[in-house]
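Chains, contacts and geometry: an overview
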Amino acid sequence: MEKLNTKDITGYSWASPERKFVGAGKGISEELGRDPLSTHLKTRHLFDVKTARAANTLSLPPPSRAGRVLHVISGKGIVRHKDRITPIETGDAFIIPPDQPYQPGNDDTETLFPIW
């Protein structure tokens, strides 16, 4: 078993060229040894776990071959997936299957804090 505390992980941020899409987060899976380019289950990990922070803007998560569990720690927002937009709020959790495109975002004035 590997253990870490997310306060010890250096965060990262991303933005589109015109800063229409902005977000920040921490790659928990990578810190626990995940190799995002591996096809081997042991080094790829079954789920890809990250923390994220999105102010009143849409955020663009990096694509992942692994499935994801998304859990909203605080805030409100939306998730675009397939042909739908689903509202999300504090306490919501769901599974995103591997290779399914999705985009969580914030359409509220409160900062959105999901873990995926």
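Coordinates for the structure precede this section.
Treat the numbers as computed from the prediction; the structure is a model and nothing was measured.

1. A few points about the environment of P97
- Secondary-structure assignment places P97 in the loop between β7 (93-96) and β8 (102-105).
- Look at P97 and you get partly exposed, because its relative accessible area is 38%.
- Along the sequence, P97 and R68 sit 29 residues apart, while their C-alpha atoms lie 6.6 Å from each other.

2. Regarding the sheet that holds strand β6 (residues 84-89)
- One open sheet holds the 3 strands; their spatial order is β6-β5-β8, and the pairing between them is antiparallel. Where the open sheet ends on each side, the last strands, each with one partner, are β6 and β8. Looking at each pair of strands side by side, their axes are set apart by 20 degrees on average, direction ignored.

3. Remarks on the pattern of salt bridges
- Tallied over the full model, the rule gives 1 salt bridge.
- Here R34 ties to E30 by a salt bridge, and the two come within 3.5 Å at their closest N and O atoms.

4. Quick notes on the environment of Y12
- Following the sequence through the fold, Y12 ends up in strand β1 (residues 12-15).
- The partly exposed category is assigned to Y12, whose relative accessible area is 29%.
- In the structure, Y12 is positioned 11 residues away from G23 in sequence and 8.7 Å away in space, judged by C-alpha atoms.
- In contact with Y12, not counting residues within four places along its chain, are A24, G25, K26, G27 and K50.

About the thresholds
Residues numbered from 1 in each chain as written. Predicted model: local features only at pLDDT ≥ 70, side-chain atom pairs only at ≥ 80, totals over all residues. Heavy atoms only, no water. Helix = DSSP H or I, 4+ residues; strand = E, 2+ residues; numbered from the N terminus. Buried < 20%, exposed > 50% of the residue type's maximum accessible area, 1.4 Å probe, protein only. Pairing = 2+ DSSP bridges. Axes fitted to C-alpha atoms, helices over the stretch in contact; angles between N-to-C directions. Salt bridge = Lys/Arg side-chain N within 4 Å of Asp/Glu carboxyl O. Contact = heavy atoms within 4.5 Å.

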